[in-house]
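Listed below, chain by chain, are the residues.
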Amino acid sequence: MNKEYLRLDKIEGPLIFLSGIEGASYGEIIKIKVDDGTERYGKIIRLEKEAVIAQVFEGTSGLSTKNVRVKFTGKPFELALSTEILGRTFNGVGRAIDAGGEIFSNELYNINGRPINPVARQYPRDYIQTGISTIDTLATLIRGQKLPVFSGNGLPHNELAAQIVRQAKLSGDKNERFAVVFAAIGVKHDDAAFFRKSFEAAGALDNVVMYINLADDPIVERISTPRCALTAAEYLAFVCGYHILVVMTDITSYCEALREISSAREEVPSRKGYPGYLYSDLAALYERAGMMKEVEGSITYLPILTMPNDDISHPIPDLTGYITEGQIVLSRELFQDNIYPPVNVLPSLSRLMKDGIGEGYTVKEHPDVANQLFASYSKVQDIRALAQIIGESDLSPVDQAYMAFGRAFEGDFVKQHGNENRSIKKSLEIAWQLLSMLPKEELDRLDDEIIAEFYGK
Amino acid sequence: MTSNSKIIMINGPVVKADDMAAFKMREMVMVGNKKLIGEVIALDGAVGTIQVYEETEGLKVNEPVLPTGKPLSLKLGPGLMGNMFDGIERPLHKIEEISKGFIGEGIGLISLDEEKSWQVEITVKMGDSLKPGDIYARVQETDIIEHRLMVPPSVTGEVVHVVPNGAYTIETALVQLKGQKGKRTDLKMYQEWPIRLPRPVNERKMLTQPLVTGQRVLDIFFPLAKGGTAAIPGGFGTGKTMTQHQLAKWSDADIIVYIGCGERGNEMTDVLEVFPSLIDPKTEKPLMERTILIANTSNMPVAAREASVYTGITLAEYYRDMGYHVAIMADSTSRWAEALREISGRLEEMPAEEGYPAYLPSRLAEFYERAGYVETLNCQEASVTIIGAVSPAGGDFSEPVTENTKRFVNAFLALDKKLAYARHYPAINWLNSYSGYIKVLGPWYTENISSDVLELRNEMLQILYEENKLSDIVALVGEDVLPDDQRLVLEIAKVIKIGYLQQNAFHKDDTYVPLPKQHLMLEMIKFLYEKSAEAVHMGIPISKVKNVELYNKVMKMKYTIPNDDLTGIGRLMTEIESYYNGLIASYQ
């Protein structure tokens, strides 16, 4: 396969069309030499007889139908990996963009990965203490979980993710090896710089691998950025035995890139112009988190997405929520009340917490207390709505207690300092102080014994 | 078979090939050098369109396409029970042996274990004349399930050869039949059946029996029938999967087929880890021994997702034909519909609503209509119940999949985000759920529990409806301005919601509640309501009528009164009676 093809039929957006090609395989990588001496890469996304459609990672600007030499590699998109990648920074197609030079390794991995066989998975049960009360108590992060942060533009999701990285690292790790894989997809320069700085401040830079695609980088690279990052994560976790935390921002940019390419391919759109395969495509990313039997490492996955117009029913957060194991939802209202982290606990959820908390994991009464907090805080919402109409002073004494509980919940429990690392014990102590503000008989999710043991103490 | 067919186009899971005139629609084919499994879904002249059940990356134009001569079929025989398969009946444990950890391509079509030998008990003798559905041998498949080997639907004849009882592998010919024209047919331990074709029965019968689930909100308020259909729609985080798991664990079907269709890998792992340790209340054996799992997780090939629901229902029908009551859980049918949409998009078909193909409603109808309470070919009563989860986009029940599903199911269990946020589980909204089986199940409830149970249900539902109306007023002006009898309605509604409708799946007693206790609990709430109402009518203020301690006791009876000893209910009723008698006496 050393043939070079010297002519393109058509260039449209990120796609190039070629014909007269022999022996090309679906998904294979092509090398495009431009006459200015640069080299670009593309991937075949459709084959029909001798015609090929390929998407070009670095974008098509500067290409003409005649100034290129196209070579078919016969291989899918593979990444060379070794533990040397730790501490390094790469672009969206896995090429080094720091001063360290390329990675040379014989271990090549297809960036699309393969689905983990459900029978080979190990069900995640070990809880990760993040030091953030709302998450630890009410949406507990479990090692091997995929737990996205649903945020909005301008909300402090980056700060929250950085705090989790900083604090989660320290909890209970004995001699386990820990590393962070960070992927930036279509983010602003200053956001990427913020993460770099916060990893640096945590002294973790040597254990971080970064895959960066900035907002002004080529669109097609946004498709490969998360895949490169997850392939590196899989390598470090399942081959080298590291415990990996993957932080990825911003999934919304990823989906928009997908939409852009889909529309260039003239595919039938489904909701809001996103392609019909958005669900399968996102799943192919999210499902790469997890733990496997007989393998030491794990991948815990914290993708961040900004909900367009703060709308949780937008296709991106909606489909994400159906695939991931819960979500942490940030609220603009709390943010405007100057509460950090502005976690809205009611729609936040960790599906795996049921098996990772309670006796033998955190503390025995944790599940019941969490349930009670949810139920009581949910009631606060109804009472607030009422108080807006009739005024707080006209509320019944019980309702007034709920109002006070609601304020304290947000002010003392949700709110904490960006450097404050609360233990689960401390978080539950605060929770009991709050619950003790309500009359005992309002605590309908708690057993009498638990109430007797902790109420008012 | 030989063929000159070659691939001419590749687009994701959709592949086109030429020279396919000899291929049949819906035929299973092997695609490319890796022999990926695919199915013919369109034929246009010599060009055929194939959907491929495995990852197509690396496939080349001009690679061969080989026919198999038969439609996509399942091998049905011992070895299904307690096992986990992918969307086209390939055992995931076997795949794990071949391709460690991750699922590779080109594994080929493997299904039942061909090496394992089973202890077979033959039930026919030489000279017997057999017709379709007749049982010719039995195999104890698991401790619970006896696998009955049946004559396939198209075969009849006289037994001319039979092996003695003993241990055989599934490929052994156990019985030979001689048909009318002297045609001899070997009956092995398995038969093959195409997944898209419903298996025949003698007749479909009326539904008369409930599917008892041990979940109060279902059994009493929105009951399911054996042989019926139900949909569980709900946005993410509302507990669809949890509800499905509870039904899989506790419903009184003989066999459960659980299809994880486009859902999370960890959920399937959870089922695999938890079910073997759960004990079936009826047989006291691990639940896994009566369960078949089909897993096509969201990152597995999308075409196999489309096939997975048919695989599941075909397995269910096969066990139904042996005379079992089978319940099938499909989680989630929306992912299946999306798989249809995805493939339809790749075929460049004209989309209907929200990009879904125009044939979505007919496909849904075909699927749900395979449920039913039947008389099987061997004249036994058996059933297939379908419970499909629906994941509406944005939690909006007016989207096409939910809307169309509603037309073909009889019970609709709407999960509610607001209830889920308040951690009211199961988050089944009593205002917009319904069950069309109340009427047909009436006689069963009268005969087996009590004659008043449905009446009781309606009264309680009335209280909940009234509370819903009142809560609009309360949201505007507060509870205090309501008259006492209306405030009592609010209090009792709270008791029903917390003490009855909420059910704790993690509590050892509350996770499954037998019907007699469900009934008595409701009687108790009604009794409390009547006594309280009597006191309110006497003009006793609500603050006195609502005895916090008693109300709490009623709300917590689900935990405090054990399932196997209901005497506590009588004691609590006496306590309520004496309190209110005392209260009323003091006001007279």
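Scroll up to find the structure.
This write-up is about the structure you can find in this document. (Residues numbered from 1 in each chain as written. Chains lettered and ligands numbered in written order. Predicted model: local features only at pLDDT ≥ 70, side-chain atom pairs only at ≥ 80, totals over all residues. Heavy atoms only, no water.)

### Quick look at the interface of chain B and chain A
Residue-level contacts link 80 residues of chain B with 80 residues of chain A. Contact between chain B and chain A buries roughly 6,400 Å² in total, counting both sides, with carbon and sulfur atoms accounting for 53%. Among the residues chain B hides against chain A, the three largest losses belong to Phe236, Asn266 and Arg423 of chain B. Together they make up 13% of the total. Between the two partners, chain B and chain A, sit 7 salt bridges. Among the ionic pairs, lysine 556 of chain B bridges to aspartate 448 of chain A, the shortest N-O distance being 3.4 Å. Linking chain B with chain A are 34 residue pairs in polar contact (both at pLDDT 80 or more). The greatest single-element share of the side of chain B that touches chain A, amounting to 8 residues, is contributed by helix α4 (residues 265–274) of chain B. When the residues that make up the side of chain B that touches chain A are grouped by side-chain class, the tally is 29 nonpolar, 26 polar and 25 charged. As paired elements, strand β5 (residues 39–48) of chain A and strand β1 (residues 7–11) of chain B share 2 bridges and run antiparallel to each other. Counted as the bridge partner of glutamate 48 of chain A is methionine 9 of chain B from β1 of chain B. (Contact = heavy atoms within 4.5 Å. Buried area = accessible area lost by both parts, 1.4 Å probe. Salt bridge = Lys/Arg side-chain N within 4 Å of Asp/Glu carboxyl O. Polar contact = N/O pair within 3.5 Å; in protein donor to acceptor, adjacent residues only side chain to side chain. Helix = DSSP H or I, 4+ residues; strand = E, 2+ residues; numbered from the N terminus. Nonpolar A, V, L, I, M, F, W, Y, C, P; charged D, E, K, R; others polar. Pairing = 2+ DSSP bridges.)

### Observations regarding the packing of helix α6 (residues 333–346) of chain B against helix α7 (residues 360–368) of chain B
All names here are of chain B. Contact geometry of α6 with α7 gives a least axis separation of 11 Å together with a crossing angle of 135°. The pairing of α6 with α7 is recorded here as oblique in orientation. The two elements α6 and α7 cross, and the hand of that crossing is right-handed. Between α6, through Thr333, Trp336, Ala337 and Leu340, and α7, the contact on the second element is made entirely by Leu360, Arg363, Leu364, Phe367 and Tyr368. Its residues assigned to classes, the contact of α6 with α7 comprises 7 nonpolar, 1 polar and 1 charged. (Axes fitted to C-alpha atoms, helices over the stretch in contact; angles between N-to-C directions. Parallel < 35°, antiparallel > 145°, perpendicular 65-115°, else oblique. Left-handed = near helix turned anticlockwise from the far one by under 90°.)

### As for the environment of arginine 407 of chain A
All names here are of chain A. Tracing the backbone through its elements, the reader meets arginine 407 in helix α11 (residues 397–414). The class of arginine 407 is partly exposed, set by a relative accessible area of 45%. The sequence separation of arginine 407 and valine 380 amounts to 27 residues, and the corresponding C-alpha distance is 9.3 Å. Residues within four places of arginine 407 in sequence aside, it is in contact with Arg384 and Glu392. (Buried < 20%, exposed > 50% of the residue type's maximum accessible area, 1.4 Å probe, protein only.)

### Points about the packing of aromatic side chains
Residue and element names in this part refer to chain A. This structure, assessed with the given rule, holds 25 aromatic pairs over all chains. Between phenylalanine 57 and phenylalanine 77, the aromatic rings sit 5.2 Å apart at their centres with planes inclined by 70°, giving edge-to-face as the arrangement. Linking phenylalanine 57 in the loop between β6 (51–56) and β7 (68–76) with phenylalanine 77 in the loop between β7 and β8 (78–80), this pair joins segments that are 20 residues apart in sequence. Comparing phenylalanine 57 with phenylalanine 77 shows no difference in burial state: the two are buried. An aromatic cluster is present here, built from Phe182, Phe194, Phe195 and Phe199 joined pairwise through their rings. One Lys or Arg, arginine 259, reaches over the ring of tyrosine 274 and ends 4.2 Å from the middle of that ring. (Phe/Tyr/Trp six-rings, centres within 6.5 Å; stacked < 30°, edge-to-face > 60°. Lys NZ or Arg CZ within 6 Å of the ring centre and 35° of its normal.)

### Focus: the sheet that holds strand β11 (residues 135–140) of chain B
All names here are of chain B. One open sheet holds the 4 strands; their spatial order is β12-β11-β9-β14, and the pairing between them is antiparallel. Across the chains shown, the open sheet's two edge strands, defined by having one partner strand only, are β12 (146–150) and β14 (166–168). When strand polarity is set aside, the average angle formed by the axes of neighbouring strands in this sheet is 40°.

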